[in-house]
Amino acid sequence: MYFLDEEVYLVGEDIAEAYDGWRMFFDGAANFKVVAIGAVLVSEIGQYYPVSAKLRFPCTNNMAEYEACIMGLNLAIDMNIQELLVIGNSDLLVHQVQGEWATKYTKILPCLYYVQELMKRFTKIEFKHVPRIQNEFTDALATLSSMIQHIDKNFIDPILCSR
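### Digging into the pairing of strand S3 (residues 48–55)
The sheet contact formed by strand S2 (residues 35–42) and S3 spans eight bridges and is antiparallel. What sits directly across from Val42, in S3, is Tyr48. As consecutive antiparallel partners, S2 and S3 are separated by five residues, and within that stretch Gly46 has a phi angle of approximately 90 degrees, a positive value.

### Describing the sheet that holds strand S5 (residues 124–129)
Taken in spatial order, the five strands of this open sheet run S3-S2-S1-S4-S5, and their pairing is mixed. Strand pairing shows two members of the sheet lacking a second neighbour, S3 and S5, which therefore form its edges. Strand-to-strand twist across the sheet, computed as the mean angle between neighbouring axes with direction ignored, equals 15 degrees. Examined bridge by bridge, strand S1 (residues 22–30) and strand S4 (residues 83–88) share five bridges and lie parallel to one another. Opposite Met24, over in S4, you have Val86 as the bridge partner. Taken strand by strand, helix H1 (residues 61–78) contacts S1, S2, S3, S4 and S5, and its axis lies near 150 degrees from that of S1.

About the thresholds
Residues numbered from 1 in each chain as written. Predicted model: local features only at pLDDT ≥ 70, side-chain atom pairs only at ≥ 80, totals over all residues. Heavy atoms only, no water. Pairing = 2+ DSSP bridges. Helix = DSSP H or I, 4+ residues; strand = E, 2+ residues; numbered from the N terminus. Axes fitted to C-alpha atoms, helices over the stretch in contact; angles between N-to-C directions. Contact = heavy atoms within 4.5 Å.

On their own, these measurements won't tell you what the molecule is for.
Set out below in structure tokens:
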């Protein structure tokens, strides 16, 4: 996206390695007032499919990250995407999903299990951790969603993690 603002020229994702398939970026934002999530699918030709939501239930920042990832994976499944590179700045989520880190917080376990079930719907799925600076677009989506005054019907109920 390009802006006329002289200090902001471009907002977008950038990962060091080339990837010629579908990518999905995700991010969650939780604070004492609101929880919001964002995800964006990027096609092989660079077409962006963003989605964001405000959650109407309290959850931790890590749970918000899982909710954002789940929302993005569900969108990819709905779009019949078979191969996907999932990119996020949540080191915890990426390493837990890859089985490299244990999950000690029991409220995260349903989220982790649900992501693992969704992963089975893809012929190929990879997860990659990136610094927050390379996840600016989804961070902005989550932040924007947290700032917008939604009418009550535009909130989403718990996907899984906070049931």
